[in-house]
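# A structural walkthrough
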Amino acid sequence: MTRPLIKVDNLSIHFGLGWRFFGQAPVLKAVDQVSLRIEKGAFFGLVGESGSGKTSLGRALLRAAPVTAGAITYDDGTVRYDVGGLRGSKLRDYRRCAQMIFQDPYAALSPRMTVRDIIAEPLEVMKLTRTRAETDARVREIAAKCRLNLEHLRRFPHAFSGGQRQRISIARALVCRPKFVVADESVAALDVSIQADILNLLKRLQRDLDLTILFISHDLSVVAHVCDHVAVMYHGKIMEQAPTRQLFSNPGHAYTRSLLSAIPSLDPDVPLRAQVYTGG
C-alpha cells in the first residue's frame with residue numbers, strides 16, 4: 001500500500017455559537033470525525049452541498065482553520081508534518097509545501113499591486129529567493145506555465161478578466177513550488193467556457209509539476225471531468241469516497257444517489273427526477 005501524501009484521522013472542527021449563562025453553549029460541528037487519504041499525485045475531488053463543511057476541511061489541511069480533534073499528517077517522503085500542531089517557523093515551512101487557490105479571483109488579488117508583485121510576494125515572505133533577479137526569473141517561469149506573458153506582469157488586476165485573474169491566482173499559489181494544492185471552488189465564479197480553460201490548465205500543471213490537488217466543488221459534472229477520486233460530504237461527515245468512475249456509475253450511499261439524480265439532463269424533454277435525501 002502506498003504512503004498517502006495527506007492522511008486525515010478522525011478530524012473534527014467545531015465552532016462555538018455564542019455564550020450561555022446556564023448550560024452548555026451551542027456548537028456547530030463543521031467537520032465531524034472525518035478520515036480520508038489523499039495519495040501523492042492524485043486529483044482528489046471533495047463534493048457536497050453548501051454548508052457541508054468542504055471549505056472548513058480544506059482550510060484545516062493547510063492549517064488555516066482551527067482543529068478541535070483528530071490528526072492531519074503531511075508526508076511527501078522527504079519531510080513530515082503534524083499539521084494540526086504546527087506553529088511559527090514550522091508552519092512557515094509547511095506553507096512552502098501546501099498552498100491554496102481561492103474561489104473569487106476578484107477578492108483574492110490586491111488591487112494596489114502589480115501582477116509581478118502579487119506572484120512574487122510568497123517568494124519574498126518565505127525568503128525563497130536571494131536576489132530580485134532570482135525572484136523575477138521564478139515569477140516569469142511560473143507566469144509562462146500559467147499562460148501569462150511579460151506584458152501582463154506590469155499591469156494591475158483590474159485590467160484582467162475573471163479567467164485571467166484566476167490564472168494569476170494559480171501562478172501565485174504555485175510560485176513557491178508546493179507539492180499539495182487546495183483548489184476551493186476555483187472555477188465556480190467563472191463562465192462555463194472559462195471554467196473549461198482553467199480546468200484544463202490545472203490538469204496540465206498537475207501533470208507537469210507533479211502536484212497533488214484537493215479540488216473542492218459542488219458541481220458534480222466538473223468533478224467527473226477532472227478528478228480521479230471523489231469524497232462526498234454532508235453535514236460535516238464523509239458519506240462515501242471512491243474512484244470517480246465507480247462513484248458515478250455505482251454510488252453506494254443514498255445521499256450520493258440524491259446528488260447524482262439532481263444533475264439536469266442536456267435533453268430538455270427529459271424531466272428532472274431528483275431524489276430527496278432524508279438522512280440516515
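Since we're looking at a predicted model, the values are computed, not measured. (Residues numbered from 1 in each chain as written. Predicted model: local features only at pLDDT ≥ 70, side-chain atom pairs only at ≥ 80, totals over all residues. Heavy atoms only, no water.)

## Observations regarding the nonpolar core
Selection criterion: To qualify as a nonpolar core, a set must consist of buried Ala, Val, Leu, Ile, Met, Phe, Trp, Tyr and Cys residues joined through side-chain atoms within 4.5 Å. Each residue is placed in one exposure class: buried if its accessible area under a 1.4 Å probe, protein chains only, is under 20% of its type's maximum, exposed if it is over 50%, and partly exposed if it falls in between.
Within the largest apolar cluster, 47 residues are counted, with the highest numbers of intra-cluster contacts made by Ile119, Ile168, Ile170 and Phe215. Counting residues in each nonpolar core, the second largest holds 34 residues, with Val8, Leu11, Leu61 and Ala98 among its members.

## Re the sheet that holds strand β7 (residues 180–184)
To be explicit about the condition: Between any two strands, pairing holds if DSSP finds at least two bridges. We count a stretch as a helix when DSSP gives it H or I for four or more residues in a row; a strand needs E for two or more, and each element gets its number in order from the N terminus. Interaxial angle, 0 to 180 degrees, is taken between N-to-C directions of lines fitted to C-alpha atoms, where a helix line uses only the stretch in contact. Every residue pair with non-hydrogen atoms within 4.5 Å of one another is taken to be in contact.
Pairing within the open sheet is mixed, and its 6 strands lie in the order β6-β7-β8-β3-β9-β10. Taken across any chain shown, the strands that pair with only one partner, and hence form the sheet edges, are β6 (98–101) and β10 (237–243). Within this sheet the neighbouring strands show an average axis-to-axis angle of 20 degrees, counted without direction. Two elements, strand β9 (residues 229–234) and β10, share 6 bridges in a ladder whose sense is antiparallel. Each residue of the ladder has a partner; that of Val230, found in β10, is Ala242. Where helix α1 (residues 54–61) meets the sheet, its contacts fall on β3 (43–47), β6, β7, β8 (212–217) and β9, and the angle it forms with β8 comes to roughly 155 degrees. Contacts from helix α6 (residues 162–174) reach β6 and β7 within the one sheet, and its direction differs from that of β6 by about 170 degrees.

## Quick notes on unusual backbone geometry
Phi angles above zero are rare outside glycine, and Asn10 is one such case at about 50 degrees. By the secondary structure assignment, Asn10 is in strand β1 (residues 4–16). Positive phi is not limited to glycine here, since Arg63 has a value of about 60 degrees. Summarising the element assignment, Arg63 is placed in the loop between α1 and β4 (69–75).

## Looking at the environment of Gln164
Inspection of the secondary structure puts Gln164 in helix α6. Residue Gln164 is classed as partly exposed on the basis of its relative accessible area, which comes to 21%. Apart from residues lying up to four places away in sequence, Gln164 is in contact with Leu148 and His152.

## A short note on the environment of Gly18
Within the secondary structure, Gly18 sits in the loop between β1 and β2 (27–39). Judged by relative accessible area, Gly18 falls into the partly exposed class, the value being 38%. The spacing of Gly18 and Glu141 is 123 residues in sequence and 48 Å in space, taken between C-alpha atoms.

## A look at the packing of α6 against helix α7 (residues 192–209)
Let me state the cut-off plainly: By the definition adopted for this analysis, an angle is roughly parallel if under 35 degrees, roughly antiparallel if over 145, roughly perpendicular if from 65 to 115, and oblique otherwise. Rotating anticlockwise by less than a right angle from the far helix to the near helix defines a left-handed crossing, while the corresponding clockwise rotation defines a right-handed one. As a working rule, the residues Ala, Val, Leu, Ile, Met, Phe, Trp, Tyr, Cys and Pro are called nonpolar, Asp, Glu, Lys and Arg charged, and the rest polar, with Gly in that last group.
At a closest axis distance of 10 Å, the pairing of α6 and α7 adopts a crossing angle of 20 degrees. Between α6 and α7, the interaxial angle falls into the category roughly parallel. For α6 against α7, the interelement crossing comes out right-handed. On α7, the residues touching Gly163, Gln166, Arg167, Ile170 and Leu174 of α6 are Ile194, Asp197, Ile198, Leu201, Leu202, Leu205 and Leu209. Classifying every residue of the contact of α6 with α7 gives 8 nonpolar, 2 polar and 2 charged.

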